Amino acid sequence: MKVKHLLLLTSIFIASCGDNLIDTDDNNVSGRYDTGVFVVNEGPFNGTGSITWHDPTSGQTVQDVFGLENGGAALGQFVQSMVLHNGKAYIVVNGANKVVVVDAGTFQYEGEITGLALPRFFLPIDNNTAYVSQWGADGLTGSLAKINLKTLQITQTIPTGKGPEKMIRKGNLILVANSGGFGLDSTVSIVNFVQGLEFARDVVLNGKNPGALMSDVFQGGRTFVLSRGYFLDSSPAGQLSAMFSFNQLPDQSWPAPPYSEDLCRSPQKDALYFTGGGGIYRVLSGGSPEKILDMFAYGLGCHPQNGNLYCADAKDFSSAGEVRIFSPAGALLSSFQTGIAPGEIVFIE
């Protein structure tokens with residue numbers, strides 16, 4: 001979870017390929033969004049989040065795509081994440097406890113998944129089923145909500161650790177990073193979605209509040225988990241860990257900056273990247289985390305074809321943000337404006 005959102009929720013807890021757009025300056029020309037990059041903007045505390053679309057080839061950028069394509073409609077408070085699947089985009093709106101479903105090409109509204117409790121991330125399994133990680137109304141009673149994609153209804157709730165965040169699939173298993181929510185957790189839930197239950201909860205040694213996972217990295221296809229550290233510690237410390245249970249290699253871990261987020265990998269699967277401590281970090285096979293860019297990034301993504309790094313700068317969290325694009329070698333290539341509090345980066349493959 002992002003730092004700004006974490007601070008807000010903590011205070012609450014303590015207190016109680018297609019046609020492209022042709023005119024982007026005015027943001028008044030609708031079109032198709034089959035290529036390019038989406039940026040998920042959380043939005044301000046007292047307003048709505050939004051989605052920005054950008055075409056790296058032409059340089060075109062459109063703000064608030066959802067509003068543009070749906071008569072000015074708003075997504076809701078704290079737009080957390082988005083996933084493209086089977087011709088649709090599933091937009092998780094944390095503050096509104098829902099997932100908004102739109103056509104991936106036109107971004108026109110198709111429906112909603114409601115009845116969620118502080119939803120975070122969306123993981124499709126096939127064309128019929130997906131799972132949503134959610135913190136629960138108290139921010140501590142974490143679970144995965146099983147979704148029927150045909151009816152957009154919740155069909156099952158599977159308990160996990162506290163504050164389930166990002167998920168990855170490995171065969172019939174879902175690995176869930178338990179970020180602690182309003183509290184503290186140091187585990188990864190292992191959920192068998194065929195059996196419909198959590199059958200194990202692996203402890204991340206010395207890691208507090210894991211928030212991201214990445215599999216199939218380096219030779220041998222290793223799985224990594226990134227912990228951000230416990231926000232109530234006097235000196236929060238992050239950690240990058242290799243998971244023993246799935247790669248049959250000795251468990252390893254490396255220190256990382258506090259509030260480490262957004263674990264992603266290079267297209268060749270030979271490098272890991274993440275944010276934390278005011279910098280962008282890289283890990284190569286056999287090495288430890290090293291800072292490669294000295295900038296605060298509220299979100300980070302690695303382009304699945306060219307390996308360019310997309311670094312989202314939220315600036316003051318109340319005005320327009322910016323994404324800067326760097327080459328894998330660290331050279332600044334270009335930048336574009338976003339909505340308020342840009343976080344997740346989504347590439348259209």
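Structure first, text after, so check above.
Structure report, in brief.

Rules used in this analysis
- Residues numbered from 1 in each chain as written.
- Predicted model: local features only at pLDDT ≥ 70, side-chain atom pairs only at ≥ 80, totals over all residues.
- Heavy atoms only, no water.
- Helix = DSSP H or I, 4+ residues; strand = E, 2+ residues; numbered from the N terminus.
- Buried < 20%, exposed > 50% of the residue type's maximum accessible area, 1.4 Å probe, protein only.
- Areas by Shrake-Rupley, 256 points an atom, 1.4 Å probe, with all protein chains shown as cover.
- Salt bridge = Lys/Arg side-chain N within 4 Å of Asp/Glu carboxyl O.
- Phe/Tyr/Trp six-rings, centres within 6.5 Å; stacked < 30°, edge-to-face > 60°.
- Pairing = 2+ DSSP bridges.
- Axes fitted to C-alpha atoms, helices over the stretch in contact; angles between N-to-C directions.
- Contact = heavy atoms within 4.5 Å.
- Polar contact = N/O pair within 3.5 Å; in protein donor to acceptor, adjacent residues only side chain to side chain.

**Some points on the overall build of the protein chain**
- For the protein chain, the count of helices and strands is three helices and 28 strands.
- Every one of the 349 residues in the protein chain was classed for burial, and the buried ones make up 57%.
- Put simply, the protein chain shows about 13,700 Å² of open surface, and 49% of that area lies on carbon and sulfur atoms.

**Observations regarding the pattern of salt bridges**
- Tallying each qualifying case throughout the model produces 17 salt bridges.
- Glu 112 is paired through a salt bridge with Lys 98; the nearest N and O atoms lie 3.4 Å apart. One end of the pair, Glu 112, is in strand E7 (residues 109-113); the other, Lys 98, is in strand E6 (residues 98-103), with 14 residues separating them in the sequence.
- With relative accessibility at 28%, the residue Glu 112 sits in the partly exposed group.
- Shared partners join several salt bridges into a network, and the residues in it are Arg 120, Glu 165, Arg 228 and Glu 261.

**Section: the packing of aromatic side chains**
- Taken as a whole, this structure holds 14 aromatic pairs when the rule is applied.
- When the ring of Phe 224 is compared with that of Trp 254, the centres are 6.1 Å apart and the planes differ by 35 degrees; the resulting orientation is tilted. With a gap of 30 residues between them, Phe 224 in strand E17 (residues 222-227) and Trp 254 in strand E19 (residues 252-256) connect regions that are remote in the sequence.
- A relative accessible area of 1% places Phe 224 in the buried class.
- On the basis of relative accessible area, Trp 254 is assigned to the buried category, the value being 15%.

**Quick word on the sheet that holds strand E26 (residues 320-326)**
- Spatial ordering of the open sheet is given by E24-E25-E26-E27, a layout of four strands whose pairing is antiparallel. At either margin of the open sheet sits one strand with a lone partner, and together these are strand E24 (299-302) and strand E27 (332-340). Sheet twist, expressed as the average angle between the axes of neighbouring strands with direction ignored, equals 20 degrees.
- Bridge analysis of E24 against strand E25 (residues 309-313) gives four bridges, and the strand direction is antiparallel. Each bridged residue has a counterpart across the sheet, and for Gly 299 the counterpart in E25 is Ala 312.

**Looking at the sheet that holds strand E22 (residues 279-284)**
- Spatially, the four strands line up as an open sheet ordered E20-E21-E22-E23, and their pairing is antiparallel. Strands at the two margins of the open sheet, each flanked by one partner only, are strand E20 (261-265) and strand E23 (290-293). Strand after strand, the sheet turns through a mean of 30 degrees between neighbouring axes, direction not considered.
- Pairing between E22 and E23: three bridges, direction antiparallel. Bridging from a neighbouring strand, Arg 282 pairs with Glu 290 of E23.

**Description of the pairing of strand E1 (residues 37-41)**
- Most of E1 sits out of view: five of its five residues are buried.
- A two-sided burial pattern is seen for E1, the buried positions comprising Val 37, Val 39 and Asn 41 on one face and Phe 38 and Val 40 on the other.
- As paired strands, E1 and strand E28 (residues 342-347) are joined by four bridges and run antiparallel to one another. Following the sheet pairing, Phe 38 is matched in E28 by Val 346.
- The sheet contact formed by E1 and strand E2 (residues 50-54) spans five bridges and is antiparallel.

**Describing the environment of Pro 124**
- Checked against the element boundaries, Pro 124 lands in strand E8 (residues 119-124).
- In the structure, Pro 124 is positioned 41 residues away from Val 83 in sequence and 8.4 Å away in space, judged by C-alpha atoms.
- If near-sequence neighbours (up to four positions away) are discounted, Pro 124 is found in contact with Val 83, His 85, Thr 129 and Ala 130.

**Observations regarding the environment of Gly 59**
- Its location among the elements puts Gly 59 in the loop between E2 and strand E3 (61-62).
- For Gly 59 and Ser 334, which are 275 residues apart along the polypeptide, the C-alpha to C-alpha distance reads 9.0 Å.

**Some details on the pairing of strand E14 (residues 187-192)**
- Burial within E14 is extensive, with six of its six residues counted as buried.
- Alternating positions in E14 separate into two faces, Thr 187, Ser 189 and Val 191 on one and Val 188, Ile 190 and Asn 192 on the other, with burial throughout.
- Two elements, strand E13 (residues 173-178) and E14, share six bridges in a ladder whose sense is antiparallel. When the bridges of E14 are listed, Asn 178 appears paired with Thr 187.
- When E14 meets strand E15 (residues 197-203), the two strands line up antiparallel, connected through six bridges.

**Description of unusual backbone geometry**
- At Asn 86, a position not held by glycine, the phi torsion is positive, near 55 degrees.
- Classification of Asn 86 by relative accessible area gives partly exposed; the value is 49%.

**Overview of the environment of Ser 58**
- Relative to the helices and strands, Ser 58 resides in the loop between E2 and E3.
- Judged by relative accessible area, Ser 58 falls into the partly exposed class, the value being 43%.
- Remark: the alpha-carbon pair of Ser 58 and Gly 36, spanning 22 residues in sequence, is separated by 9.7 Å.
- Looking at Ser 58, its side chain comes within polar contact range of the side chain of Asp 55, at 3.1 Å.
- Only 3.2 Å separates the side chain of Ser 58 from the side chain of Gln 60, close enough to count as a polar contact.

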